Structure formats: C-alpha cells, structure tokens
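# Survey of secondary and tertiary structure
Residues per chain, in single letters:
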Amino acid sequence: MAERTSAGLLTMMMEPTPAVAMTLPAEVREKLAELELELSEGDITQKGYEKKRGKLLAPYIPQIQGVDPSLQIDNRIQASSQAVIPGSKHNKSRAANTRDERFRSDLHTEAVQAALAKYKERKMPMPSKRRSVLVQSSVEACTPPDTSSASEDEGSLRRQGRLATSTPYQGHGHPAVEHWFNRVIQGSSTSSSASSTSSHPGGRSVTNTTAHAALNANATATALADLMAHTQLDNHSAPPDVTGLSENSSVHAERPQVASVRSISRGYNYNTKVMETADGVPVNSRVSSKIQQLLNTLKRPKRPPLREFFLDDFEELLDVQQPDPNQPKPEGQLMSPLEGEPLGVVTNWPPSLPAALQRWGMTQPKSPCLTALDNAGKPVYTLTYGKLWTRCQKLAYTLLNKLSTRNEPLLMPGDRVALVFPNNDPVMFMVAFYGCLLAELVPVPIEVPLTRKDAGSQQIGFLLGSCGVTLALTTDACQKGLPKAQTGEVATFKGWPRLLWFVTDGKHVVKPPKDWHPPMREASNDIAYIEYKTSKEGSTMGITVSHSAMLAHCHALTQACGYTEAETITNVLDFKREAGLWHGVLASVMNRMHVISIPYSLMKVNPLSWIQKVHTYKAQVAVVKSRDMHWSLLAQRDQRDISLSSLRMLIVADGANPWSISSCDAFLNVFQARGLRPEVICPCASTSEAMTVAIRRPPEMGVPPPGKAVLSMGGLSHSVIRVDTEEKLSVLTVQDVGQVMPGALVCVVRVEGTPYLCQTDEVGEICISSGTTGVAYYGLPGMTKNIFETIPVTLSGVPISDRSFTRTSLLGFIGPDSLVFVVGKMDGLMVVSGRRHNADDVVATALAVEPMKFVYRGR
C-alpha cells in the first residue's frame, strides 16, 4: 500500500500541480477524476493510469513552464522522497501493478458500482471548480507560520466559501511557505497510510486500500493546486485557511485530527455543498459526485456493527408495553383470609411418630405394614409392624454405637445421613428412615446416582456437602450396582463429599442389649428430615421439616382424609418424597395402615397394575397421579373381573395441574361401570415447601359437591377471573382441589412486588400459614425469608395477621363454597407482551383435543 501511495504522489508531483489546476479545462479534469476512480477500483493498473494521464496532460505542459522553478523542484524532491520509502514484505514480493486480492471487498465494490450507476443516470453537470478538504495531520502542520487566529465567532464557520485575507507577504518562494507545503505533503502521505492501517489491528485494512491511496493522493494534489492558485492571484493574499476557518475563527490546539468527511445531508447540491468534518465542523466544498460517493462508501465498515445483528426485535424490546385500556381489571372486593376447620384433639394421639411406631410394634406386631411387589406384580415381602420396630431398633443401635473412628462415635444426634435406595425397595427405605428417627439422626432421602458425572447427581452432591453428610445408607444390591473405583470401593461422584457407605441389610446390623431403649421424646422443633427439591434452574435445595410439623401434618391428613386403623392404601407415587412419603410412609404408620407399594418399573410394564391391586386387596384409598390414570386408559382391556367399588378415596396428587381434569373425567367415564363413584375422585394441591395445602374431602364427610370453573383465557392472561361458557374455544376448565387443610390459614397475594392481598376476582399466589409446613431451606437464610416468612398486607400496608405465611408457588383463587382453585404454577409462568400464560396450558390443550386433527386456538 505504501508503494502505491508514493507512486501516485510521484506521478502527480512530476508535473506542476498548481499550474495544472489553474489552466486545465473542466472536461480534462473530469477525465482525470474518472481515471483516478478507475485506478481506485482496480479497473486499470498503475502503469496504465500513468500512461493515460500523461496523454491527457501532454498538450498543456507548455502552459505551465512559467511556474516558479523552486516550487517544482521542491515538489519533485518531496515526491521522490515519498516514492523511495521502503514498503512492507508483502509489497516487495509483488509487482506494483498487480491487484492485491486480500484487500478486495465485494460489499464495497457493489455499493460503489450501484452508486455510480445511479449518478450516471441522473447525468448531473460536473462542477466548474473543485476544491478539496485537506486531511490535516495537526493544526500546526496545516497552518502557515504567519497566519494568525482572530475572533471566536462560530457563525463564520458557515460562510459560503470565502477565503479571508490577512497580512500580505511577498515572493512566491517564501521559505516558510515552502516548508509548510512540504509538511502538508508529508502529513497527507502519512495520514493516507495510517488511515488504512489503523482501522484494524495488525495493520490489515478491510477497506479498499487502493481507493484510499488514490483518493488521498488526489486530495493532496488538488489541495496544493488550490493553495498555489490563490497564492499567485496577487501579492496581497495569504495562504488559504484549508481547515475551513476564516480569519475570525479561532483555532484550538485540542481539536482532534480530521480523518474523514461526512456529508450533512443526503441530498447533493452541486452549486454549493455544505459538508462537515469528522469532528463536526461544517466546511464548504465542491466535490465531484463520484468522488464523494466513493468516499461515503469507503467510510462504511465492511462488517456492520454488532448492534445491527440484533435489530430484529431490539426496538420492540426497548419500547415499554403500554397497558391496553380495554383489558379486564379486577372489580371484586379485597379477599379475606380463608381458615380451615379446627384441628381436632385426639386423646390417645401419640406424642411423636417414633412413639406411634413403638405402640404398634409392641401392641400389633402381626399387623401388616407394607407389601412390596416385584416387576411381575407379585408380592415379594410383607413387612409387619413388629418386624419394622425390631429392625429399626437394630439399625439405630448400630449407627450410634458400632460406627466409630479412633474410639469416637462417627455419628451424633442431629447429624445428617443420606438414604440411597432404589424406587423398587420400599421396605429397606422405611427401615432406614425410622431407624434414623429412633437414633435422633436426620435422614436425607436422595435418588440413586446413575453415573459418576451425572449432572443431576452433582446438584445432589452439593446438597449433601452443604448438609455436612458423611454417611450414606443403602442396600447390598444397590451398593453392588454403584460405580466402583480401582480399589473396589464405591467411587466418589463428581461434586459429592467423601462418604462412608453402610449397608443396612440384616447381617450388617447388631441386636441391641436388652437394657438399651431408643430415646422417646415429644415432637419438637428440631429437624426430623430433609426433603430435596429441584428448581426449574436445575439447582437442588433441601427443605427442612421439624418433628412437630411432621406430626401435625400426619394429624391434618388423618382428619381430612378420614383415615382409620387397618385401612389398605395403594401407593403408586415415589415413597421418598412429597405425597408418596406423606401418605405411604408417615401417615400410614401413624394410623397402622397397610400400604401396597407399586414400583415404577411395574407401572411401565403394566399400567393397570395399581387398579388390579385395588381390586385384589380391596383397598379403600389409592394415591396416584393423573399420568397413572391416563396410562391406565391407554392400556385398559376388557377385564370384567375388576371392581373399584371398595375405593372411598382416589387421591390425585397432582390435581393442582389444570390438565388433570381431562384425565379424571376420562378415567371416570371408563371405570364408572366398574364400580367407581364420581365423588370418590379427590384432587389435592401440595408443594414441597407447604406440603398439603388443600384436598377434596371424601363424600361421607358432608362436604359440598365438587365444582368446576369455566374461565376465559383472555381474562386469566390479565390475572382476572371471568366466567365463560364451555362452548367457546378460548376457555380453560379447571376443577377444584377441595377445602383448606384443617388448622391452616390461606390467602392469595399478588405475584410481583409487595405481597398485597388480591381481590376476590383476581388470580394470585396462594400462601398458607400452618404448623404443617416446611420450616426452611437448609443453609439458605435469604431464600428462607422470602418463601417461608412472608407477611401479606392489605392495600394500606397493614399485615393481615401476626403469623408468617409460606408461599406455595401455586397460582389460583378462592371460589364459591370456600373451594380452592389452582390455574398454574409460578415455575411455569410466562409473561408475553404484558400478559401471563402458563406452561401447563400446553399440556392441557394436548390432552383436551384430538392432537391429530387440530389444536384449539387461544389455548
């Protein structure tokens, strides 16, 4: 690039440029400009350009012999010095007239050609005189030694092309002026090279380098022509102010260097064109339309700025969504907190859950507690209350007395212990869970890790580490299936703390002495167990449940569901957490119930297995999810010997999902002929933090009939309840989840910001205040305060109660007859253009329509 720039300067300096500017006709100057443009675009080589230019200038050479020889010699010497500047390695290796493909820009070439074609069609007349804006390297380099500044009037910057005169000087060959011309030429050449290499790091310019060189050379030559022309007009004129400043304008030394010229307007006025330099100073210039268009094209970068890649919705995202004046708004009164029925007092109620196990283990040892099934659906083992009591005693004694390091016990009361049991072994899990309670240890049930680098188990490992877990209980079969290290021991999983694995099978535990008895204390606020929960971001948190809350929850479930002793319950859910744990492990032992545990592996082979066990064992209660009911419909065959008449309560654990009503209605339609009564289906609403919030009561308890709500989807998107007709397509039909749990206080608060109470026709987050909820997130005091210690307030900011509430993350409202309705969850909430939608609606739509035909609009 340096070679091309210097070569161009040498060619122009060989002829006296000022005289050419004075004597050349307009058509010749126009052809010279076209030649320069062709050279910049690569249409001709440097050698061809020089040859054609020489032919154009040949007739006019005699006319310029009268110019001062000193200026010609100085110009030639200066140009020669510029021409012999050594180039880069790349320039040395290539001939001067070869086209450098590295600097080609198809984007710029197309833009230049399109612009030239546009202006050729307009056939604008060429200007009679061309005055360029000189690219000055600094104010000192571009100001003559004897030029002085005057007033600071900015208005003089916009005067129409008048050159101010100052103190005259005599002589064309003034040494100061010649020295100043040389500095201008050097600064122009240097700036042309610097402008092309400074645009990108490493000196590699993306723009068309040849065009830059030619344009800079042309700008230098024409600027010198203008300067010399005005110098020779008379002996009273001073060197022109090439910065566009008149004698009344002040020159500031801190002004930045001018590297480009920007047009003020997009229109082109060929008579008088107002332009501005890069630092915003307007100047007057008459520039060829093609040259100006080429400058504007080369000024644009090859790649658009990063921001232009994100212009699709960028402006829309910046726009603040204005609320629709016609959107529905809540009109009801401020709701009042809803209180459940009082928690009944039972005279012979055990003081704690371990005390209840002790009572049944000693008074009813033969009573069945739990029956486990294999993958074929056959019972493999039935655990009695007597067996459960003795095995839990052995495990508790072994954990407290036989596990030691350096003659010190490994575990102390209150320590956390991990329970790693598969989903098809409920017997060993129940023994380990109650064994930890007897030893006053805190069980932390988790899932069995599949691989050493399982992403889900990494979060579980983080929970174990934060809980300070050092011991993991498991079965012999489960331990053999875990990944092993080279030493044969269980491998350390990624993100897990170092654990000691202990197998709870019979041969590894020790029978306690006759004089040893586990401590039996009343339920306190100490931690009983920790239940894990995975958030929608993938993080795992531990929810602590106290002994008093565990006992109160069993009491409330017993009262709400009407549990009695020796009832049979079929449990299809995971027995390690949530409703499967509450009904199948805790409340069942409190009431000496018999649990038939259906493993998940059996459900995948035979989805009807739980219905068959209800018929076989004449179960009074079944705990399922709507997915289990849906699978049963898909797999149901004409089995005439199945009867569901023994069921008095079919608990739908995920009844809070809006799409569960589809499975419930379809299941009732098919199995009502098999003895299933409509009032038996009892959906409930629960979360890991609040545990059971509401449940529909069985029919014998004299409760109001179940309700359905047909709601407008448009109203729900604005968090407003509007009853609609079921014939429309844009409606959502939801079922109630029953009444509030006994002894609980429930309210609905606004989703965002301060927890203000909602109005009666407004959807919000359900909050519950009860002694049956979780206590905290283990080791997370900040999140605990936000979820477990919420204080709802009225619109005036007054707290509604002196009791703290727990957020359930359930979105819903309180309907007629004090029934609770749930329309979604906080985790599935989506806000689109200021309107709220729920991810569960997608599932509801897929289950409510025939997916092969159509999908409802508005859902």
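Residues numbered from 1 in each chain as written. Predicted model: local features only at pLDDT ≥ 70, side-chain atom pairs only at ≥ 80, totals over all residues. Heavy atoms only, no water.

Before going further, it helps to examine the overall build of the protein chain. Of regular secondary structure, the protein chain possesses 25 helices and 30 strands. The buried share among the 859 residues of the protein chain stands at 50%. Restricting to contacts in the protein chain with at least 6 residues of sequence separation, those with at least 24 account for 75%. (Helix = DSSP H or I, 4+ residues; strand = E, 2+ residues; numbered from the N terminus. Buried < 20%, exposed > 50% of the residue type's maximum accessible area, 1.4 Å probe, protein only. Contact = heavy atoms within 4.5 Å.)

Turning our eyes to something else, we now look at the side chain of Ser-688. Relative to the helices and strands, Ser-688 is located in the loop between strand E19 (681–687) and strand E20 (691–695). What makes Ser-688 buried here is its relative accessible area of 4%. Within polar-contact distance, the side chain of Ser-688 engages the side chain of Glu-531 at 3.4 Å. Of the polar contacts made by the side chain of Ser-688, one reaches the side chain of Glu-578; its length is 2.8 Å. Contacts of Ser-688, omitting those with residues within four sequence positions, involve Glu-531, Lys-533, Ile-543, Arg-577 and Glu-578. (Polar contact = N/O pair within 3.5 Å; in protein donor to acceptor, adjacent residues only side chain to side chain.)

Spatially, E6-E5-E16-E15-E17-E18-E19-E20-E23 is the arrangement adopted by the nine strands of the open sheet, whose pairing is mixed. At either margin of the open sheet sits one strand with a lone partner, and together these are strand E6 (379–384) and strand E23 (739–740). Note: strand E18 (residues 649–652) against E19, three bridges, orientation parallel. Looking at the pairing, Val-652 lines up with Pro-683 of E19. Sheet strands in contact with helix H18 (residues 578–590) are strand E5 (368–373), strand E15 (568–571), strand E16 (594–597), strand E17 (621–624), E18, E19 and E20, and its direction is about 155° off that of E15. (Pairing = 2+ DSSP bridges. Axes fitted to C-alpha atoms, helices over the stretch in contact; angles between N-to-C directions.)

For the coordinates displayed, the defined rule picks out 19 salt bridges. For Arg-627, the salt bridge identified is with Asp-628, shortest N-O distance 3.3 Å. Taking relative accessible area as the criterion, Asp-628 reaches 1% and is therefore assigned buried. Several salt bridges share partner residues, and in doing so they unite Glu-331, Arg-722 and Asp-761 into one network. (Salt bridge = Lys/Arg side-chain N within 4 Å of Asp/Glu carboxyl O.)

Unusually for a residue other than glycine, Glu-440 sits at a positive phi of about 60°. As for its placement among the helices and strands, Glu-440 is situated in the loop between helix H14 (426–438) and strand E10 (442–446). When its relative accessible area of 26% is taken as the criterion, Glu-440 is described as partly exposed. One non-glycine residue, Lys-618, adopts positive backbone phi at about 55°.

A few words on the sheet that holds strand E14 (residues 540–546). One open sheet holds the three strands; their spatial order is E13-E14-E26, and the pairing between them is antiparallel. Sheet topology places strand E13 (527–534) and strand E26 (776–777) at the edges, where each strand pairs with a single neighbour. The sheet contact formed by E13 and E14 spans seven bridges and is antiparallel. Bridged to Tyr-532 within E14 is Gly-542. Its contacts with the sheet place helix H17 (residues 547–561) against E13 and E14, and it is angled at close to 75° to E14.

The next thing to look at is the confidence of the model for the protein chain. This prediction gives the protein chain a mean pLDDT of 76; 67% of its residues lie at or above 70. With pLDDT under 50 throughout, residues 127–178 is counted as low confidence; its partners more than four residues away or in other chains account for 114 contacts. Across residues 276–284, confidence stays below pLDDT 50; counting only partners more than four residues off in sequence or on other chains, it has 40 contacts. (pLDDT = per-residue confidence, 0-100.)

This part covers helix H13 (residues 385–401). The periodicity of an α-helix, 3.6 residues per turn, causes residues three or four positions apart to be oriented the same way. Taking 1.5 Å of rise per residue, the 17 residues of H13 would be expected to cover 24 Å, and the 24 Å separating its terminal C-alpha atoms lies within 8% of that figure. Along H13, the positions that sit buried rather than exposed are Tyr-385, Gly-386, Leu-388, Trp-389, Cys-392, Gln-393, Leu-395, Ala-396, Tyr-397, Thr-398 and Leu-399. (Expected span 1.5 Å × (residues − 1).)

Attention now goes to the pairing of E19. With seven of seven residues buried, E19 lies mostly within the body of the structure. Neither face of E19 is open: one carries Ile-681, Pro-683, Ala-685 and Thr-687, the other Cys-682, Cys-684 and Ser-686, and all of them are buried. Hairpin connection from E19 to E20: three residues lie between these consecutive antiparallel strands.

This part is about the packing of aromatic side chains. In the structure shown here, the tally under the stated rule is eleven aromatic pairs. Judged by centre distance (5.1 Å) and plane angle (75°), the rings of Tyr-777 and Phe-788 are edge-to-face. Of the two residues, Tyr-777 sits in strand E26 while Phe-788 sits in helix H24 (residues 781–788), which places them eleven residues apart along the sequence. A connected cluster of aromatic rings, assembled from ring pairs, spans Phe-421, Phe-429, Phe-433, Tyr-434, Tyr-529 and Phe-575. Over the ring of Phe-575 we find Lys-576; its NZ or CZ atom is 5.2 Å from the centre of that ring. Over the ring of Trp-360 we find Arg-592, and its NZ or CZ is 5.6 Å from the ring centre. (Phe/Tyr/Trp six-rings, centres within 6.5 Å; stacked < 30°, edge-to-face > 60°. Lys NZ or Arg CZ within 6 Å of the ring centre and 35° of its normal.)

The next thing to look at is the nonpolar core. When a protein is soluble and globular, its nonpolar side chains tend to lie buried together. Formed by 98 residues in total, the largest nonpolar core has its most connected members in Leu-399, Met-430, Tyr-434, Leu-473, Tyr-529, Leu-586 and Ile-651. When residues of this core are assigned to their parent elements, the largest contribution, eleven residues, is made by H14. With near-sequence residues (within four places) excluded, Leu-399 lies in contact with Leu-411, Cys-436, Leu-441, Leu-471, Leu-473 and Phe-502. In terms of nonpolar packing, the next biggest core, distinct from the first, is built from 27 residues, Ala-622, Leu-647, Val-652 and Leu-668 among them. (Core = buried A, V, L, I, M, F, W, Y, C linked by side-chain atoms within 4.5 Å.)

Attention now moves to the environment of Asp-415. Relative to the helices and strands, Asp-415 resides in the loop between strand E8 (408–409) and strand E9 (416–420). Sequence separation between Asp-415 and Thr-470 is 55 residues; the distance between their C-alpha atoms is 8.9 Å. If sequence neighbours within four positions are ignored, Asp-415 has contacts with Leu-410, Leu-441 and Val-442. In terms of polar contacts, Asp-415 uses its side chain to reach the backbone amide nitrogen of Met-412, at 2.7 Å.

The next subject is the side chain of Asp-736. Along the polypeptide, Asp-736 turns up in the loop between strand E22 (731–735) and E23. Side-chain polar atoms of Asp-736 contact the side chain of Arg-696, separated by 2.9 Å.

Further remarks concern the packing of helix H3 (residues 26–41) against helix H4 (residues 46–57). Remark: H3 packs on H4, axes separated minimally by 10 Å, with the N-to-C direction vectors making an angle of 175°. Between H3 and H4, the angle falls in the class roughly antiparallel. Contacts from Val-28, Lys-31, Leu-32, Leu-35, Glu-36 and Leu-39 in H3 reach Gln-46, Tyr-49, Lys-52, Arg-53, Leu-56 and Leu-57 in H4. Here the residues of the contact of H3 with H4 sort into seven nonpolar, one polar and four charged. (Parallel < 35°, antiparallel > 145°, perpendicular 65-115°, else oblique. Nonpolar A, V, L, I, M, F, W, Y, C, P; charged D, E, K, R; others polar.)

It is worth spelling out the state of the cysteines at this point. Inspection of the entire model under this criterion finds zero disulfides. For the unlinked cysteine Cys-684, the closest cysteine sulfur is that of Cys-561, found at 8.1 Å. For Cys-684, a relative accessible area of 3% gives the class buried. Between Cys-747, a cysteine without a disulfide, and Cys-767, which holds the nearest cysteine sulfur, the sulfur-to-sulfur distance is 5.0 Å. Given the relative accessible area of 0%, Cys-747 is considered buried. (Disulfide = S-S within 2.5 Å.)

Within the element layout of this structure, Lys-290 appears in helix H10 (residues 289–299). On a C-alpha basis, the gap between Lys-290 and Ala-33 in space is 8.6 Å, while along the polypeptide they are 257 residues apart.

On to the pairing of E18, then. Along any regular strand, the residues point their side chains to alternate faces of the sheet. By the alternation rule, side chains of E18 split into Met-649 and Ile-651 and Leu-650 and Val-652, which are all buried. Sheet topology places E17 next to E18; four bridges connect them, and they run parallel. Looking across to E18, one finds that Val-624 is bridged to Val-652. The β-α-β motif built from E18, the intervening helix H22 (residues 660–671) and the parallel element E19 has right-handed crossover chirality. (Right-handed = clockwise from strand over helix to strand, strands pointing away.)

Within the secondary structure, Tyr-385 is located in helix H13. Sequence separation between Tyr-385 and Met-593 is 208 residues, and the spatial gap between their C-alpha atoms is 9.8 Å. Leave out the neighbours within four places in its chain, and Tyr-385 touches Trp-360, Gly-361, Gln-364, Pro-365, Ser-367, Pro-368, Cys-369, Ser-588, Val-589, Arg-592 and Met-593. At 3.2 Å, the side chain of Tyr-385 forms a polar contact with the backbone oxygen of Ser-588.

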